[in-house]
Amino acid sequence: MSTERIALVTGADRGLGFAIAKRLLQEGFRVFAGKFNSSYTLLEDLQKEYPALSILELDVQNPEHIKAVAAELERTAGKLDLLVSNAAIMGVPSERPTDVIDGNRGFDAELMNQFFMTNSYAAPLLVDALLPLLRKGEMKRLFFTSSEISSVRLMRRTGSFRYGMTKTALNLGVRMIYNTLRPEGFTFRLYQPGWMKRQMPDGSLAKGAIVDPADSAKEAVRQILEDRMDEDRLVLTDYLGRELSF
Amino acid sequence: MNKVFFTSLQSDFAKALAEIFKENGFEITEETGVNIEYFIDTTDYTAPGDDKAIGEGISAEAGLQSYIKNVCEPLDLLDRCFYYMVGKKRICFLSSKASSISLSEETRGFGHNMAKAALHNILTITKNGLIERGFTFRLFDPLTGEYPPELAAKSAYVYFTRDRYFDNDADKTREDERNLLLRDAKGREIPW
């Protein structure tokens, strides 16, 4: 089997996912990048510079897409060393209801479901579908993009609950995956990337927020590549290398 | 007579808890649109097929159904009950150690357990927003399957109805209500 290291990065159209994919290419990985948003062409531009980049259509809410990606990886790579599960929905137009319980808004069930399936449940679906390939990989490393607002202990918000609650659910899902796969030698990274600047279709960064996606990706990839002294603790770490409580 | 709203009275735990409330002078209701002092969500639903471990074929549909039943439907009921909450305005939900990121040893039931973990977050956010308006919150693990439901119900009744104060606070301010905890039927705090 090839000694080439193979990575799959979901939500790689822009922002952190794009920056991690680029960083992994610079580290010599062959990268399969999940693309969801057709209005972004940053990956296509990157592919011109890095032929080791393959772009795959991947809406992580769609089990058929996940199956197709697993089949493509089986066909073209035969293994998977590293999964970067990064795809997420963050915000929606402010007029949409269901972001606070106050007796007035009503519940937008479809939106609640979309957030859960994308931000939380896609993680076990992906690992489940990719497990035969991950077992053939040498790294056996699983990376999940979480968030500071997944931390119940640190929570200070009074609204905007969809994102935070689905990231807490993600953390629990990762714990359950860990319970099964850690005994097989898999290692885990749960990462809080910081409040990142939004990346526009032309690659520029919007104003506001504090963290450049490239800087956060640099730290994320450092944590991905470095072994830890204690891999038998599942921890949530941030873009400054600090451990956060759950 | 003060009323207690139950989202469901199907489980042995829910039935036993309702009986204890009745013995203590409360009226039980499953209807929205009436004044209630307690909102108690007793949902504990695992969808058919939501019992697979990683590598056994995780079901998207089963996971979503568990989430809808354990999170979306109870929160929708809570939203509809919101303006009818009076007195202690106490909001009580069930969860368990299985949904503790720190302690869970579970490998099956992704949808169910992840849904309950999501509740920990949203109830904290909701508590942050509503505590100043007099709402109070409880999260409880009845230790289903390992502790008699009648005893769990007795423990829940005390936990749900007793106010939490600073021990030495003569003024009995409700400051300690600001700390949302998950406690089990044996009184142990379960970390997030």
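Everything numeric in this text was worked out from a predicted model, so none of it was measured.

Student: Could you give an account of the pattern of salt bridges, with specific residues and numbers?
Tutor: All names here are of chain B. Enumeration over the complete set of coordinates arrives at 29 salt bridges over all chains. Taking the shortest distance from any N to any O, the salt bridge between R178 and E132 comes out at 3.0 Å. Pair noted here: R178 is in the loop between α4 (149–161) and β6 (182–184) and E132 is in the loop between α3 (110–130) and β5 (136–141), with a separation of 46 residues, a long-range link. Judged by its relative accessible area of 32%, R178 is partly exposed. As a salt-bridge pair, R138 and E177 come within 2.8 Å of each other at their nearest N and O atoms. Placement of R138 in strand β5 and of E177 in the loop between α4 and β6 is noted, with a sequence separation of 39 residues between them. Taking the relative accessible area as the measure of exposure, E177 reaches 2% and is therefore buried. Through salt bridges with shared partners, a single ionic network connects K88, R90, R138, D163 and E177.

Student: Requested: an account of the nonpolar core, with residues and values cited.
Tutor: In terms of nonpolar packing, the biggest core is built from 92 residues, with L130, L142, F144 and F188 of chain A together with F39 and L75 of chain B touching the most fellow members. No other element matches helix α4 (residues 109–136) of chain A, which puts 15 residues into this core. Ignoring sequence-local partners within four residues, the contact set of L130 of chain A consists of L8, A70, L73, L80 and L83 of chain A. Among the nonpolar cores identified, the runner-up in size contains 27 residues, and A7, L16, L42 and Y50 of chain A belong to it.

Student: Give a description of the interface of chain A and chain B that names residues and reports values.
Tutor: Contacts between the two partners involve 47 residues from chain A, matched on the other side by 48 residues from chain B. Of all residues in chain A, I101, Y121 and M176 of chain A bury the most surface against chain B, accounting for 18% of the area lost on that side. On inspection of chain A and its partner chain B, the count reaches zero salt bridges. At the junction of chain A and chain B, the tally comes to 14 residue pairs in polar contact (both at pLDDT 80 or more). Elements supplying a minimum of two residues to the side of chain A that touches chain B: α4 and α5 (161–181) of chain A. Sorting elements by how many residues they give to the side of chain A that touches chain B places α5 of chain A first, with 16 residues. In the side of chain A that touches chain B, the residues fall into 24 nonpolar, 16 polar and seven charged.

Student: Got a sec to walk through the packing of helix α1 (residues 15–26) of chain A against helix α6 (residues 213–225) of chain A? Specific residues and values, please.
Tutor: Residues and elements named next belong to chain A. Relative to each other, α1 and α6 sit at 55°, their axes nearing to 8 Å. The orientation of α1 with respect to α6, classified from their angle, is oblique. Regarding α1 and α6, the two cross each other, and that crossing is right-handed. Judged by residue contacts, G15, L16, A19, I20, R23 and L24 of α1 engage P213, A214, S216, A217, K218, A220 and V221 from α6. Of the residues contributing to the contact of α1 with α6, the split by class is nine nonpolar, two polar and two charged.

Student: Can you break down the sheet that holds strand β4 (residues 82–85) of chain A residue by residue, with the values?
Tutor: Residue and element names in this part refer to chain A. Taken in spatial order, the eight strands line up as β3-β2-β1-β4-β5-β6-β7-β8 in an open sheet, and their pairing is mixed. A single partner strand is all that each edge strand has here, and the edge strands are β3 (53–57) and β8 (243–244). Pairing of strand β1 (residues 6–9) with strand β2 (residues 30–35) involves four bridges; the strand directions are parallel. Residue pairing across strands places L8 opposite F32, the latter belonging to β2. The sheet contacts of helix α2 (residues 42–49) involve β2 and β3, and relative to β3 the element is tilted by about 155°. Contacting β1, β4 and β5 (141–145), α4 runs over the sheet at an angle of about 170° to β4.

Rules used throughout
- Residues numbered from 1 in each chain as written.
- Chains lettered and ligands numbered in written order.
- Predicted model: local features only at pLDDT ≥ 70, side-chain atom pairs only at ≥ 80, totals over all residues.
- Heavy atoms only, no water.
- Salt bridge = Lys/Arg side-chain N within 4 Å of Asp/Glu carboxyl O.
- Helix = DSSP H or I, 4+ residues; strand = E, 2+ residues; numbered from the N terminus.
- Buried < 20%, exposed > 50% of the residue type's maximum accessible area, 1.4 Å probe, protein only.
- Core = buried A, V, L, I, M, F, W, Y, C linked by side-chain atoms within 4.5 Å.
- Contact = heavy atoms within 4.5 Å.
- Buried area = accessible area lost by both parts, 1.4 Å probe.
- Polar contact = N/O pair within 3.5 Å; in protein donor to acceptor, adjacent residues only side chain to side chain.
- Nonpolar A, V, L, I, M, F, W, Y, C, P; charged D, E, K, R; others polar.
- Axes fitted to C-alpha atoms, helices over the stretch in contact; angles between N-to-C directions.
- Parallel < 35°, antiparallel > 145°, perpendicular 65-115°, else oblique.
- Left-handed = near helix turned anticlockwise from the far one by under 90°.
- Pairing = 2+ DSSP bridges.

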